[in-house]
Structures are given as C-alpha cells and as structure tokens.
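Inside the fold
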Amino acid sequence: MPSVRVALTHSPYEVKVESGLLPAAGGWIRPLLPGPKLAVITDDRVGPLHAATLMDSLEGAGYHATLHTIPAGEASKSFDRSAALCDELAGAGHDRSSAVVALGGGVVGDLAGFVAAIFYRGIPFVQIPTTIVAQVDSSVGGKTGINLAAGKNLVGAFHQPRLVLVDPETLHTLPSREFREGFAEVIKHAAIRDAAMLDEIAALDPTSTAVPAGLIARNVAIKARVVEEDEKETSGTRALLNFGHTIGHGIEAAVPYGELLHGEAISLGLRAALHLSERRAGLDPAESRRILDLLELFGLPLRLSASIPTEAVLDKLARDKKFAAGRIRFVLLRRAGDAFLSAEVTPDDLRDAIEHLRTPA
C-alpha cells in the first residue's frame, strides 16, 4: 500500500492510499483513536454514496458513530454552519473524548477540521477525502477553515489530522466536471516540485476515473515535504503551494460560490502565474505551453469570462491572506519543478495577468 508519512515534530501522521480503504476504515482508525465516540461529517452529495459503508465499518470496529450532513458547496464553509455542527455534536453527546471523521471533498474537510479544532477547544479528527482536490492536496497539511464575504479561508486554524485514508475507488462516483477540476492541483504540484510528473499526467486518459494510487501518493509526498519544512507558513516555503492560487482565489471569490469550481479557478490562476513567470522569472514559453496543454487535456478553463470584471478580481486579491503587510507575495516558476516566492510582482503586473486571461490560450 502506498503510504506517506507527514513527519511533523509534534503531530506526525500517515496518509494511506489504496483501493478498498473506505470499507476497512474502522480497523485503521481504531488503534489511533481508542475512544468510544466518533462524529462523521459529510455532505448531502457524498453521504448517500459512501456514508453507509463508513458507518458500518466504524460500527464493526466498536465505535458509536453519529452522522452529520451539511449541504454540499462552498456556502457551507461559514460561521453559521460550523456553529450548527458544534451544537449538533453537543446534542449527540459528543465531548472531549470524541473525534471527528471528515468524509468528502475539500469543503467537508476544511469545515469538519475547523469544527474539530474548536469543539471542546480541540478534538482529534481523521480525513477520508473523496475528490482529487482533497486527496492530493487539502486533506494533508492541517489547514482548516471557513470563508468570509471578503474571501476564502480567512478564518481557520492549523489542526493536523491523526490519519488520512485515501480510497481511489471513491473517485468513480464523481461527476465529470468535479473529477477533472482536481487535476489543476495535480498539475500545480508537478509544476512547482516534480517536472517529471508532467509526463505521467500527460499519459493519463482524461475520460477514465481510474487514477493510479501511486500518482496520488506522489502528490501527497510533495505536499507532505513542503508542510514538514513550513508547517504554519512562517518561513515562506509552504507558500510555494499557492502557485496559481493568488489570482485563482481572486477569481473564485469574485463570482457567486459554485459558479466556478476551485480547480477551474486555479486553472485560470495557473495560466496567469505562468504568464508572470515568463515576464518576471524568465520561464521558457515552451514550458508554459507544456503545462497549459495539460490543463486543456482535462478540459479546464484557460480564458476568463468577460462577465468577471478585472476590478472585482483585484479587489478580492487585496483582501487575500497571501498579502503580507500590504505587499504582494507571488509564486513564480524559473522552470518546471523550480518555484520560488517573489516580491517583485507589482499591482500593474497583476492587472496585466488578469487581462492576459481574456486572450485566447
């Protein structure tokens, strides 16, 4: 079984990747969480597909587990929803001896992790991600959070999971659009740390939901190594994971939640970041083209709609947490696999990059 250890000093954990892990989840969780009670948090799209399998496994492992279902979508990452879940957990008899299991994509993982971080001042949690975005990225690293009107993930906590169980079989139930959006994060990882992975991605069949466990584990390993170097974003290394995300998050926040999926917005952000990398870091346009071709392979957008004003995107960027003391910290590529954090990108550069997205790719 591919297994990646996230070797943090105070809270190390394993990320296990193998088909068939979901029905065996209880057996993997039991040695780590001996308490009697678990709260499973999922959404109303994933729950009907996978919750029964998980609940049976947890019951078989001797747990008393309660199921808590939220509406699917980014709008659930809110103070109101997190407070309602805390009330539900308390009403179901959960306390500091309980733990949370997040079953779903990035929204569920972020919200459930945040609830685990604040309920009884912090209880353990386990991630069982069911989308590519969550499996290769958001379930690893301990970032939890909710959204504000001003932007995504502006409230949250670092709260590492005790275990991450990745079952690639869950990807077969994803709608095509949600399946494909996850490859924006896979391509990002290759672009910043593993140029050889670009060829592996290019060899995939974009119409098949069979994703090799080894490819998922390879992405997890990239994320794990970066998190180990900079768990709480104090040195700047972890910011490299934001390649494509500064402008991508600005675009995502400039439209109603759900109009653009996260990976779709990040695809646009990646194109903008590649454009700035050519201008500011000397990235070979042929390397940009190689990455853009992979985004196109998975049907991800590369052109910004005229209905999304540049000023709206810039306004959201100005509120983004990736700005430090009003200065722009922007991730650029020197070449594929070689990312760095630049302080040389100007507001005019950002405007130019957004306008570039309106041209044919």
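This text gives an overview of the structure that appears in the document. These numbers were taken from a predicted model, which means no experiment stands behind them. (Residues numbered from 1 in each chain as written. Predicted model: local features only at pLDDT ≥ 70, side-chain atom pairs only at ≥ 80, totals over all residues. Heavy atoms only, no water.)

The end-to-end C-alpha distance of helix α12 (residues 285-297) is 18 Å, a good match for the 18 Å that 13 residues give at a rise of 1.5 Å each. Within α12, burial applies to Ser288, Ile291, Leu292, Leu294 and Leu295. What you see down the axis of α12 is that its buried residues fit within an arc of 155 degrees, all on one side. Packing partners of the buried residues in α12 comprise α7 (183-193), α8 (197-202), α11 (262-281) and β12 (330-335). Here α12 starts with a cap whose side-chain oxygen sits 2.9 Å from the backbone nitrogen of Ala286, and that cap is Asp284. (Helix = DSSP H or I, 4+ residues; strand = E, 2+ residues; numbered from the N terminus. Expected span 1.5 Å × (residues − 1). Buried < 20%, exposed > 50% of the residue type's maximum accessible area, 1.4 Å probe, protein only. Arc of directions from axis to C-beta. Contact = heavy atoms within 4.5 Å. Polar contact = N/O pair within 3.5 Å; in protein donor to acceptor, adjacent residues only side chain to side chain.)

In total, this model carries 22 salt bridges according to the counting rule given. Between Arg218 and Asp194 there is a salt bridge; the shortest N-O distance is 2.7 Å. Linking Arg218 in helix α9 (residues 213-229) with Asp194 in the loop between α7 and α8, this pair joins segments that are 24 residues apart in sequence. Judged by relative accessible area, which is 15%, Asp194 ranks as buried. (Salt bridge = Lys/Arg side-chain N within 4 Å of Asp/Glu carboxyl O.)

Our next topic: the pairing of strand β4 (residues 64-70). For strand β3 (residues 37-43) and β4, the ladder comprises seven bridges, and the chain directions are parallel. Within the sheet, the bridge partner assigned to Ala39 lies in β4 and is Thr66. (Pairing = 2+ DSSP bridges.)

With that settled, consider unusual backbone geometry. If you check the backbone angles, Arg121 has positive phi at about 60 degrees while not being a glycine. Structurally, Arg121 can be placed in the loop between α4 (106-118) and β6 (125-129). Its relative accessible area of 80% is what places Arg121 among the exposed residues. One non-glycine residue, Glu233, lies in positive phi territory at about 60 degrees. Along the chain, Glu233 turns up in the loop between α9 and α10 (245-254). Look at Glu233 and you get partly exposed, because its relative accessible area is 29%.

Moving on to the packing of helix α3 (residues 79-91) against α4. Between two packed helices, what matters for the description is the angle formed by their axes and the separation of those axes. At a minimum axis distance of 10 Å, the contact between α3 and α4 shows a crossing angle of 60 degrees. Between α3 and α4, the crossing angle belongs to the class labelled oblique. Considering only the axes of α3 and α4, their crossing is right-handed. Packed against α3, whose contacting residues are Arg81, Ser82, Leu85, Cys86 and Leu89, the element α4 presents Leu111, Phe114, Val115 and Ile118 at the interface. Broken down by class, the residue content of the contact of α3 with α4 amounts to seven nonpolar, one polar and one charged. (Axes fitted to C-alpha atoms, helices over the stretch in contact; angles between N-to-C directions. Parallel < 35°, antiparallel > 145°, perpendicular 65-115°, else oblique. Left-handed = near helix turned anticlockwise from the far one by under 90°. Nonpolar A, V, L, I, M, F, W, Y, C, P; charged D, E, K, R; others polar.)

The next point concerns the packing of α10 against helix α13 (residues 310-318). Put simply, α10 and α13 touch, their axes get as near as 8 Å, and they point 115 degrees apart. Classified by the angle between their axes, α10 and α13 sit roughly perpendicular to one another. The element α10 and its partner α13 pack so that their crossing is right-handed. Packed against α10, whose contacting residues are Thr246, Ile247, Gly250, Ile251, Ala253 and Ala254, the element α13 presents Ala312, Val313, Lys316 and Leu317 at the interface. Residue classes in the contact of α10 with α13 are distributed as seven nonpolar, two polar and one charged.

In this section: α4. If you check α4, its first and last C-alpha atoms are 18 Å apart, about what 13 residues at 1.5 Å a residue would give, namely 18 Å. Restricting attention to buried positions, one finds in α4 the residues Gly106, Val107, Val108, Gly109, Asp110, Leu111, Ala112, Gly113, Phe114, Val115, Ala116 and Ala117.

Next up on the list: the sheet that holds strand β5 (residues 99-104). By definition, the strands of a sheet pair up through backbone hydrogen bonds, in either a parallel or an antiparallel sense. Strand order in the open sheet formed by seven strands is β1-β2-β9-β6-β5-β3-β4, and the pairing between neighbours is mixed. Because the sheet does not close on itself, it has two edges, and the strands there are β1 (3-6) and β4. Neighbouring strand axes in the sheet, compared pairwise and without regard to direction, differ in orientation by 15 degrees on average. Examined bridge by bridge, β1 and strand β2 (residues 13-17) share four bridges and lie antiparallel to one another. In the sheet register, Val6 faces β2, and the bridge partner there is Tyr13. Of the strands in this sheet, β3, β4 and β5 touch α3, which is tilted by about 155 degrees from β4. Those strands touched by α9 are β1, β2 and β9 (163-166), and its axis lies near 10 degrees from that of β1.

Position of His275 relative to the elements: it lies in helix α11. Classification of His275 by relative accessible area gives buried; the value is 15%.

Tracing the chain through its elements places Ser342 in strand β13 (residues 338-342). For Ser342, a relative accessible area of 6% gives the class buried. Through-space distance from the C-alpha of Ser342 to that of Val331 is 6.0 Å; in sequence the pair is 11 residues apart. Ignoring any residue separated from it by four or fewer positions in sequence, one finds Ser342 in contact with Ile328, Arg329, Phe330 and Leu332.

Our next topic: the pairing of β1. Burial along β1 is one-sided: the residues Val4 and Val6 are buried and none of Ser3 and Arg5 is. Where β1 folds back onto β2 in an antiparallel hairpin, the turn is made up of six residues.

Quick look at the environment of Val108 now. Take Val108: it is sitting in helix α4. In this structure Val108 comes out as buried when scored by relative accessible area, which is 1%. C-alpha of Val108 to C-alpha of Ala217: the two residues are 109 residues apart in sequence and 21 Å apart in space. Setting aside residues up to four positions removed in sequence, Val108 forms contacts with Ile41, Thr42, Asp43, Ile70, Ala102, Leu103 and Gly113.

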